[in-house]
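One letter stands for each residue in the lines below.
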Amino acid sequence: MAYSEQVIDHYENPRNVGKMDAEDPHVGTGMVGAPACGDVMRLQIKVNDEGVIEDARFKTYGCGSAIASSSLVTEWVKGMTLDEASELKNSKIAEELALPPVKIHCSVLAEDAIKAAVDDYRKKQSK
Amino acid sequence: MDITQNYFEFLGLPVSFDVDPAQLSERYRALQQELHPDRHSHQSEREQRIAVQYTTYLNEALATLKSPLKRAQYLLSLQGVDTLSDSRKQLDPMFLMEQMELRERVAEATDHADPEAELDALEQQVDAEIKGLEAGFAKAWGNSNLEEAEQVVRKMQFMVKLRTEVEALEDRLFDD
């Protein structure tokens, strides 16, 4: 199956790969996985006092589409508020990357990852 | 013999996670002989076609029941629980974190001072985890705890995939 140019671009030059300190109260961490294909994704956000995402990092073990989906999300969420980020839809990701139907689940995984990161951050803040 | 029977019934085995490998291959061989084309060559075309169909079913049954992961997934599917497609139910973060760490170790193994020893150690650890999960499945299944059984199967899927990756890497690095 051929990957789209957008997927190849993110796959070859992934943006924002890395790790943040999960214990930092300003950092939210989302860990998700897709058992059927064995993909694992970690997506982290750094949130400022105004509730705006200042930075994002990811690490994904999986196929090109899963890597591209998470890479794209880290680019998009920078500058977003938490509400905006948690409303991010997988269909937008799939559309931007021109994912074929069999790879839609990769964009779903990225959506779940950013939601999990926002939830984790909010949970920490409410403590 | 009847292909509306499930794989266990078809092979004359109890519907259970606990399958005796010797018994499984013995039943398989017996049925395979019974279905062999040579024994059906004198029969009508229709009967021969049925024998071929049954053989296909028999091979699927063997492949499914031989692998602990596939056997577990099949048992759940008989109860209407589908673990072959992805669900959005997420696994506990601790498990995923561990998965991530194991993946990192696999990715870094080639740069390790002794890649062969590192990969051996990884393989042993993954094997031990899989054994533990198999025991966990047997227990959950025995207690009719389908939810727990499903969780365990999803973890097994990750670990089995990881083992395949470790093995593929070992082949690439050491078996030229």
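Parameters and conventions
Residues numbered from 1 in each chain as written. Chains lettered and ligands numbered in written order. Predicted model: local features only at pLDDT ≥ 70, side-chain atom pairs only at ≥ 80, totals over all residues. UniProt positions renumbered as here; feature names shortened; annotations may be inferred. Helix = DSSP H or I, 4+ residues; strand = E, 2+ residues; numbered from the N terminus. Rg over C-alpha atoms; globule rule 2.2 N^0.38 Å. Pairing = 2+ DSSP bridges. Axes fitted to C-alpha atoms, helices over the stretch in contact; angles between N-to-C directions. Contact = placed C-beta atoms within 7 Å. Parallel < 35°, antiparallel > 145°, perpendicular 65-115°, else oblique. Nonpolar A, V, L, I, M, F, W, Y, C, P; charged D, E, K, R; others polar. Core = buried A, V, L, I, M, F, W, Y, C linked by C-beta atoms within 7 Å. Buried ≥ 20, exposed ≤ 12 C-beta atoms within 10 Å, placed from the backbone. Domains from an automatic or database assignment. Expected span 1.5 Å × (residues − 1). Arc of directions from axis to C-beta.

Named according to an unreviewed UniProt entry, chain B is Co-chaperone protein HscB homolog originating from Marinobacterium alkalitolerans. Of the comments in the UniProt record for chain B, the one headed Subunit (unreviewed entry) reads "Interacts with HscA and stimulates its ATPase activity." The Function (unreviewed entry) comment attached to chain B in UniProt states, word for word, "Co-chaperone involved in the maturation of iron-sulfur cluster-containing proteins. Seems to help targeting proteins to be folded toward HscA."

As recorded in an unreviewed UniProt entry, chain A goes by Iron-sulfur cluster assembly scaffold protein IscU and comes from Marinobacterium alkalitolerans. Its UniProt record, at the heading Sequence similarities (unreviewed entry), says of chain A: "Belongs to the NifU family." The annotation that UniProt attaches to chain A under Function (unreviewed entry) is "A scaffold on which IscS assembles Fe-S clusters. It is likely that Fe-S cluster coordination is flexible as the role of this complex is to build and then hand off Fe-S clusters."

Trainee: Run through the overall build of chain A, naming residues and quoting values.
Mentor: Counting its secondary structure elements, chain A contains 5 helices and 3 strands. Across chain A, helices and strands are ordered from the amino to the carboxyl terminus as α-β-β-β-α-α-α-α. Relative to a compact globule of 127 residues, whose C-alpha radius of gyration would be 14 Å, chain A shows 14 Å and is just as compact. If one aligns the C-alpha atoms of chain A with their principal axes, the spans along those axes are about 45 × 25 × 25 Å.

Trainee: Which residues make up the sheet that holds strand 1 (residues 27-34) of chain A, and what values go with them?
Mentor: Residues and elements named next belong to chain A. The 3 strands are arranged 1-2-3 in an open sheet whose pairing can be described as antiparallel. This sheet does not close on itself; its edge strands, each paired only once, are strand 1 and strand 3 (53-61). Neighbouring strand axes in the sheet, compared pairwise and without regard to direction, differ in orientation by 15 degrees on average. Sheet analysis places strand 1 next to strand 2 (residues 39-47), joined by 8 bridges and oriented antiparallel. The residue bridging Val32 from the neighbouring strand is Met41, located in strand 2. Along the sheet, helix 5 (residues 104-126) makes contact with strand 1 and strand 2, crossing strand 1 at roughly 145 degrees.

Trainee: Residue-level account of the packing of helix 5 (residues 93-108) of chain B against helix 7 (residues 146-174) of chain B, with values.
Mentor: Residues and elements named next belong to chain B. Packing of helix 5 against helix 7 leaves a shortest axis separation of 11 Å and a crossing angle of 5 degrees. Relative to helix 7, helix 5 is oriented roughly parallel. Between helix 5 and helix 7, the residues in contact are Phe95, Gln99, Leu102 and Val106 and Lys155, Phe158, Leu162, Glu165, Val166 and Leu169, respectively. For the contact of helix 5 with helix 7, the residue count by class is 7 nonpolar, 1 polar and 2 charged.

Trainee: Before we move on, could you go through the interface of chain A and chain B and cite the residues and values that matter?
Mentor: Taken residue by residue, the interface counts 14 residues in chain A and 17 residues in chain B. Every element with two or more residues in the side of chain A that touches chain B is listed here: strand 1, strand 2, strand 3 and helix 5 of chain A. Considering every element that reaches the side of chain A that touches chain B, the biggest residue donor is strand 1 of chain A, with 4 residues. Residue classes in the side of chain A that touches chain B are distributed as 8 nonpolar, 3 polar and 3 charged.

Trainee: Can you explain the nonpolar core? Please cite residues and give values.
Mentor: The nonpolar side chains of soluble globular proteins are, as a tendency, buried together. Met41, Leu109, Ala110, Ala113, Ile114 and Ala117 of chain A are the most contacted members of the largest nonpolar core, which totals 37 residues. Going through the elements one at a time, strand 1, strand 2, strand 3, helix 2 (64-77), helix 3 (82-86), helix 4 (90-97) and helix 5 of chain A together with helix 5 of chain B are the ones with two or more residues in this core. If you tally residues by element for this core, the top one is helix 5 of chain A, at 10 residues. Leave out the neighbours within four places in its chain, and Met41 of chain A touches Val32, Phe58, Thr60, Gly62, Ala66, Ser70, Leu109, Ala110 and Ala113 of chain A.

Trainee: Mind laying out the environment of Gln43 of chain B, listing which residues take part and the relevant values?
Mentor: Within the element layout of this structure, Gln43 of chain B appears in the loop between helix 2 (21-34) and helix 3 (45-66). It is 59 Å that separates the C-alpha atoms of Gln43 of chain B and Met97 of chain B, two residues lying 54 residues apart in sequence.

Trainee: Got a sec to walk through the domain arrangement of chain B? Specific residues and values, please.
Mentor: Interface size is commonly expressed as the accessible area that is lost once the parts come together. Assigned domains of chain B: these are domain 1 (7-66) and domain 2 (93-174). Just the C-alpha atoms count here: the centres of domain 1 of chain B and domain 2 of chain B sit 32 Å apart.

Trainee: Provide a residue-level description of helix 3 of chain B, including the pertinent values.
Mentor: Residue and element names in this part refer to chain B. Taking 1.5 Å of rise per residue, 22 residues should cover 32 Å, and helix 3 covers 32 Å from first to last C-alpha, within 8% of that figure. Every buried residue of helix 3 is listed here: Leu58, Ala61 and Leu65. Looking straight down helix 3, one finds that the buried residues subtend no more than 65 degrees of arc, so they occupy a single side. Seen from the buried face of helix 3, the exposed residues on the opposite side, beyond 90 degrees, are Glu45, Arg49, Val52, Gln53, Thr56, Asn59 and Ala63. Buried residues along helix 3 sit in contact with helix 1 (7-10), helix 2 and helix 4 (68-78).

Trainee: Please provide a residue-by-residue account of the pairing of strand 3 of chain A, values included.
Mentor: Residue and element names in this part refer to chain A. For strand 2 and strand 3, the ladder comprises 8 bridges, and the chain directions are antiparallel. Paired with Leu43 across the bridge in strand 3 is Phe58. In sequence, strand 2 turns back onto strand 3 through a hairpin of 5 residues, with Gly51 there showing a positive phi of about 80 degrees.

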